[in-house]
Amino acid sequence: MADKSISFMRSLCLGDIEEDVIVPYPSLPDPERETLRSVCTSVDELLTPNAEAFREWDVAGELPDEFLGQLRDFGMFGLVIPEEHGGMGLRAAAYSRTLQQVARHDASVAVTIGAHSSIGMRGLLLYGTEAQKARWLPKLASGEMIAAFCLTEPGAGSDAAAIKTTATKDGDGWLLSGSKLWITNGGIADFFTVFAKSGGTDDRGKLSGFIVTRDMPGVSVGPHEDKMGIRASSTTAVYLDNVRVGPEHLLGPEHGGFKVAMHILNSGRTGLGGGIVGMMKRLVELTTAQATSRHQFGRPIADYGLIKQKIGQIVVECYAAESVVNMVAGLIDQGYEEYAIEAAISKVFASEALWRAVDEALQVAGGNGFMREYPYERILRDCRINRIFEGTNEVLRLFISLSAMNDVGTQLKELAAGLRGVFDHPIKGFGVMSAYALRRASLATGLRRAKGAFTRLEPAVAAEAALFATCTRDLAAAADRILRKHGKEIIGKQFASSRLADIMIDMFVLACVLARVNAAIVRLGPANAAREREILAVFAGQARRRIQANFERIDDNDDELIKGLADHAIEQRKFSWDNI
Ligand SMILES: Cc1cc2nc3c(=O)[nH]c(=O)nc-3n(C[C@H](O)[C@H](O)[C@H](O)COP(=O)(O)OP(=O)(O)OC[C@H]3O[C@@H](n4cnc5c(N)ncnc54)[C@H](O)[C@@H]3O)c2cc1C
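Every chain begins its residue count from 1, and numbering advances along the sequence as written. Where local features are concerned, this predicted model is filtered to residues with pLDDT of at least 70; where side-chain atom pairs are given and counted, the filter is 80 or more; whole-chain, interface and lining totals use all residues. Only hydrogens and water are set aside; all other atoms, that is, all heavy atoms of the structure, feed into the side-chain values.

1. Here's the deal with helix H3 (residues 30–47)
Only runs of H or I of at least four residues qualify as helices and only runs of E of at least two qualify as strands under DSSP, and these elements are numbered from the N terminus. For a helix, the expected span equals 1.5 Å multiplied by the number of residues minus one. Taking 1.5 Å per residue, 18 residues should reach 26 Å; H3 reaches 26 Å between its end C-alpha atoms and fits that length. Glu 32, Leu 36, Val 39, Cys 40, Val 43, Leu 46 and Leu 47 are the residues of H3 that are buried. End-on, the buried residues of H3 take up no more than an arc of 125°, which puts them together on one face. Turned more than 90 degrees away from the buried face of H3, the exposed residues are Asp 30, Pro 31 and Glu 45. On its buried face, H3 is in contact with helix H4 (51–60), helix H5 (65–74) and helix H6 (92–105). When a residue's accessible area, from a 1.4 Å probe over protein chains only, is under 20% of the maximum for its type it is buried; when over 50% it is exposed; and in between it is partly exposed. This arc describes the spread of directions from the helix axis toward the C-beta atoms. In what follows, residue pairs with any heavy atoms lying within 4.5 Å of each other are defined as contacts.

Okay, structure coming up:
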C-alpha cells in the first residue's frame, strides 16, 4: 500500500521518484466507467440541440431560466453530491470527465456547473457537519439552490488574506459585513460560501468560512458583469450588510478559514481542468474539419506542413493536459492527501496549453476564425479567464516552487541538525557539500531514500524514463543550488522561482504522460500503442529542451537587465524612445 501522505512533486525536488504514486496510471473501475459513459451520452443529448442558442446566450450575456431548469432536471447540480443526499456521487475523475463533456459544448455552462460543484458547495462537502450536510446538500443536489464561492474583494484578489469583510461576534453567532467581487453564479445562487475576517480587522487577521443563504436579511447582489468571455455565466458582486449568522452557519474551524478556502480551491481544480481538456478536444475536431474542407492553392490546407505542425501540436498538448488533469483526479480518488502542488501544476499547464491551442486553431481557420459566425473567437474569449481565476498562473507558479523549496530547506536543516557541528548555517552552509557527500549524509541520517529512477515501466518507454531520472537529479541539484544562492531571500526572487516552477511543471506533466502511455502499452501492447508512444516521444523531447533551457537560465540570464528596464518604464510611465 502506497503511503497516502506522499506528494510526488515534493519528493521529486528532493531527488526521489515516488513511482508508486503515479504508476499504474489511474483508471476507473468498470462500473464507474459505465456510469460515466452513460452520463456523457446524456450530456450530449441535452446540450447538442442548444448549439445555436449558446451563441445567442453569449451575446445576451445570460443563461435563460428555462435552460437552467433543464440542467436541474438532468441532475447537473448534483454531480459530486453523495447519493444519500440526492446527488450522483461522482468521484473526482468521473466529475472532471463529465465537465470535459459539458465544456465541449459551451464554456459558460461548464463554468456555471463548475463554480457550483468545484468551489461553491465544495466546502460543505469537505468541512460540513452532518447536520449542515443534511440541511443543504439535498437542495444543492436538485439545483433548488445553486452555490457560489465568495472570497475575492475589491482590494483582495491574489492576496486573499487581505480581505476586509468582517465577521463580528454577536452572541453565539456573527454579523457579516463587506463586499465580494466577481462572484461566479452570484446572480443565480442561493447558497454562498463566504470568507470573512473573524479574528480582528488587522491586515493579516484570521479568516473563517460561513454558509450564507440568499434569503438572509442583509444579502444582496450587484448587476451581471459585462465580460469578455464566459459571458452567459453569471458574475456579480455580493453584498453583506450586517448579515446575522448563527453557529450552525460556521463552515470548518473558527479562524481556520484560510486553510478551508485553499483546500476548496485545490480540490476543485480537476473540475476546471476537465473543462479545459473538453475545449481542447473540441478544437481538435474543429481544426481538423476546417483544415480538410478549406482549399488553397488547389489543395486542402490540411496537406500543408505548417498546418500539420499546428494540429499535431494541439493533439500532443491535449493528451498531456488530459494526462495531468486525470492524474490529479486519480490521486484525489485514491485518497492522497498532499496533491496541492500537483493540482496547481495541472491548472497552470492545462490553461496555458488551451490558450496556445485556441490561438493556433484560430490561425488555421484564417479570416473565418476572426468572424463571430465561427466558434473560434468565442472559445478564445471564453478560455482566457482560466489563466486568471482560481489562482492566477503567476501566483500558482510561486506557490509551486516555494512549496517545494520549503521542503528542500527543511530537509537541509534536518540534515544539518543530524550532522551537528558540520555546518554553521543550516541552509547556506549546506552548499559546501558535494553531491557525493550529500548522498553519504542522506544515507547516514536515513532522511532520504535512494529512489532515483523508475523501476516498473515497460522497456518501450525506457528512453523517456531515463531522461526523467536525469532531469530529477538535475532538479534536486538546482533546488539545492537556488536555495543556497538565495537562502530565505528566495521568496523575493520571482524570476528564479518561476523558472524552477516551469521545470517542475514540465516534469510532472511528463511523468503523467509517461505513466499513461506506459499503461496503454501494458493494456494494448507496444505496437497498438504506437501513436501514444509517438505523443510521449514528442512531449518528452519538447519538455527536455524547455527544461534544459530553464536550467541554463538559472545562472545565465538577463533578469537584472529586464528588471532595470521595467523599473525605468514604471518610473517614466511610458515608452521612452521614438524614431521621429
Ligand atoms: C470571470 C471571473 C469570475 C470569478 N469568479 C470568482 C468566484 O466565483 N469567487 C471568487 O472568490 N473570485 C472569483 N473571481 C476572482 C478571481 O479569482 C481573481 O480575479 C483572481 O484571484 C486574481 O485576483 P485579481 O483579479 O484581483 O488580480 P491581482 O491579484 O490584482 O493580480 C493582478 C496581476 O498581478 C499578479 N500578481 C499578484 N500578486 C502577485 C505576486 N505576489 N507576485 C507576482 N505577481 C503577482 C497576478 O498574477 C496578476 O497578473 C473571478 C474573476 C473573474 C474575472
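2. Some thoughts on the pairing of strand E7 (residues 235–245)
Regular strands place side chains that alternate from one sheet face to the opposite one. When DSSP locates at least two bridges between a pair of strands, those strands are taken to pair. Two strands pair when backbone bridges link them, and strand E3 (residues 173–184) and E7 are joined in this way by eight bridges, in the antiparallel orientation. Following the sheet pairing, Gly 178 is matched in E7 by Leu 240. The pairing of strand E6 (residues 219–221) with E7 spans three bridges and is antiparallel. Along E7, the bridge assignment pairs Val 221 with Val 238.

3. Side note on the packing of aromatic side chains
Aromatic rings in a pair are described by how distant their centres are and how their planes are angled relative to each other. Ring geometry is summarised as follows: Phe, Tyr and Trp rings, the Trp one being its six-membered ring, pair when their centres sit within 6.5 Å, and such pairs are stacked at plane angles under 30 degrees, edge-to-face over 60 and tilted between the two. If you walk through the whole model with that rule in mind, you get eleven aromatic pairs. Measuring from centroid to centroid gives 6.0 Å for Phe 8 and Phe 508, while their planes differ by 45°, and the two rings are tilted. Separated by 500 residues along the polypeptide, Phe 8 in helix H1 (residues 8–13) and Phe 508 in helix H18 (residues 494–524) bring together distant segments of the chain. Accessibility expressed as a relative area gives 1% for Phe 8, which makes it buried. Centroid distance Phe 575 to Trp 577: 5.3 Å. Interplanar angle 75°. Geometry classified as edge-to-face. The exposure class assigned to Phe 575 is exposed, which follows from its relative accessible area of 66%. An aromatic cluster is defined as three or more aromatic residues linked by ring pairs; in this entry it consists of Phe 8, Phe 454, Phe 468 and Phe 508. Consider the ring centre and the ring normal. A charge sits over the ring if Lys NZ or Arg CZ is within 6 Å of that centre and within 35 degrees of that normal. Across from the ring centre of Trp 174, 3.9 Å away, lies the NZ or CZ of Lys 169, which sits over that ring.

4. Considering a nonpolar patch on the surface
Nonpolar side chains collect at one region of the surface, where Leu 565, Phe 575 and Trp 577 lie side by side and expose about 410 Å² of accessible area between them. Its place among the elements puts Trp 577 in the segment after helix H20 (559–572). The exposed category is assigned to Trp 577, whose relative accessible area is 52%. Think of a patch as exposed residues, more than 30% relative accessible area, with no salt bridge, where like charges cluster within 9 Å and nonpolar side chains (Val, Leu, Ile, Met, Phe, Trp, Tyr) cluster within 5 Å. Using a 1.4 Å probe, the Shrake-Rupley method yields the accessible areas, and only the shown protein chains count as cover for residues. When a carboxyl oxygen of Asp or Glu is within 4 Å of a side-chain nitrogen of Lys or Arg, the pair counts as a salt bridge.

5. Section: helix H7 (residues 107–120)
At every residue, the bend is computed as the angle between two fitted axes, covering the seven residues ending there and the seven beginning there respectively. Along its length, H7 shows its largest kink, about 35°, at Gly 114. A large share of H7 lies buried, amounting to 14 of its 14 residues. Contacts described as polar in this section are N or O atom pairs within 3.5 Å, which, within protein, must combine one atom able to donate a hydrogen with one able to accept it, while residues neighboring in sequence count only if both atoms come from side chains. By the N-cap criterion, in which a side-chain oxygen at the helix start approaches the backbone nitrogen of a residue two or three places on, H7 is capped by Asp 106, the distance to Ser 108 being 3.1 Å.

6. Concerning the nonpolar core
Counting residues in hydrophobic clusters, the biggest one holds 145 residues, and the most contacted among them are Phe 8, Ile 22, Leu 140, Phe 468 and Phe 508. For this core, the element with the most residues is H18, which contributes 19 residues. If we skip the residues at most four places from it in the chain, Leu 140 touches Phe 77, Ile 81, His 116, Met 121, Leu 124, Met 145, Ile 146, Ala 147 and Phe 191. What makes a nonpolar core is a set of buried Ala, Val, Leu, Ile, Met, Phe, Trp, Tyr and Cys residues whose side-chain atoms join them at distances within 4.5 Å. Core analysis: the next-biggest nonpolar cluster, separate from the first, contains 19 residues, Ala 189, Phe 210, Val 212 and Val 243 among them.

7. Side note on the pattern of salt bridges
Enumeration according to the criterion identifies 29 salt bridges in this entry. The closest approach of N and O atoms between Arg 378 and Asp 106, which form a salt bridge, is 2.8 Å. One end of the pair, Arg 378, is in helix H14 (residues 376–383); the other, Asp 106, is in the loop between H6 and H7, and 272 residues separate them in sequence. The exposure class of Asp 106 is buried, given its relative accessible area of 3%. Here Arg 499 ties to Asp 559 by a salt bridge, and the two come within 2.8 Å at their closest N and O atoms.

8. Points about the packing of helix H10 (residues 257–293) against helix H12 (residues 340–365)
One way to put it is that H10 packs onto H12 with a least axis distance of 9 Å and a crossing angle of 20°. When the axes of H10 and H12 are compared, the pair comes out roughly parallel. By crossing handedness, the relation of H10 to H12 is classed as left-handed. Looking at the contact of H10 with H12 residue by residue, the classes come out as 17 nonpolar, four polar and two charged. For helices, the axis comes from a line fit to the C-alpha atoms of the stretch in contact; other axes are also lines fit to C-alpha atoms, and the angle between any two N-to-C directions lies between 0 and 180 degrees. Between 65 and 115 degrees an angle is taken as roughly perpendicular, under 35 as roughly parallel, over 145 as roughly antiparallel, and anywhere else as oblique. The hand of a helix crossing depends on one turn: near helix anticlockwise from the far one by less than a right angle means left-handed, and clockwise means right-handed. Charged residues are taken to be Asp, Glu, Lys and Arg, nonpolar residues to be Ala, Val, Leu, Ile, Met, Phe, Trp, Tyr, Cys and Pro, and polar residues to be all remaining types, Gly included.

9. Some thoughts on unusual backbone geometry
Excluding glycine, residues mostly have negative phi values, and the peptide bonds linking residues are mostly trans. Of the consecutive residues Val 23 and Pro 24, the connecting peptide bond is found in the cis state with omega at 0°. Counting through the fold element by element, Pro 24 comes out in the loop between helix H2 (19–22) and H3. Backbone geometry places Trp 182, a non-glycine residue, at a positive phi of 50°. Of note, Trp 182 is situated in strand E3.

10. Some remarks on the side chain of Ser 403
With respect to the helices and strands, the residue Ser 403 is situated in helix H15 (residues 393–418). Ser 403 sits in the buried class, given a relative accessible area of 11%. Apart from the residues within four sequence positions on either side, Ser 403 is in contact with Arg 10, Ile 341 and Leu 398.

11. What about the site of the ligand?
In the vicinity of the ligand there are 18 residues, among which Phe 149, Thr 152, Ser 158, Thr 392 and Glu 394 approach most closely. In the model, an oxygen atom of the ligand is placed 2.7 Å from a nitrogen or oxygen of the Glu 394 side chain. Calculation on the ligand without its partners gives an accessible area of 970 Å², and the protein chains cover 67% of this total. When contributions to the shell around the ligand are tallied by element, the ones reaching two or more residues are E3 and H15. A class-by-class count of the residues in the shell around the ligand yields nine nonpolar, six polar and three charged. Residues are classed as near a molecule or strand on a simple rule: at least one heavy atom within 4 Å of it.

12. Details of the pairing of strand E5 (residues 207–213)
Counting buried positions along E5 gives seven out of seven residues, so the element sits mostly inside the fold. Here E5 shows no split at all, with Leu 207, Gly 209, Ile 211 and Thr 213 on one side and Ser 208, Phe 210 and Val 212 on the other all buried. Pairing analysis gives seven bridges linking strand E4 (residues 191–197) to E5, with the strands arranged antiparallel. Bridging across to E5, Val 194 finds its partner in Phe 210. As defined by bridge partners, E5 adjoins strand E8 (residues 250–251) across two bridges and the pair is classed as antiparallel. Within the sheet, the bridge partner assigned to Gly 209 lies in E8 and is Leu 251.

13. What to know about the domain arrangement of the protein
The domains assigned to the protein are domain 1 (23–142), domain 2 (147–257), domain 3 (259–382) and domain 4 (395–567). Centre-to-centre, using C-alpha coordinates, domain 2 lies 32 Å away from domain 3. As a working definition, buried area equals the accessible area (1.4 Å probe) given up by two parts on being put together, with both sides summed. Between domain 2 and domain 3, a total of about 800 Å² is buried, with carbon and sulfur atoms accounting for 72% of that surface. Where domain 2 touches domain 3, the interface holds zero salt bridges. In this structure, the connection of domain 2 to domain 3 is made through seven residue pairs in polar contact (both at pLDDT 80 or more). Considering only residue class, the side of domain 2 that touches domain 3 consists of eight nonpolar, five polar and one charged. Domain extents, as shown, originate in an automatic or database domain assignment.

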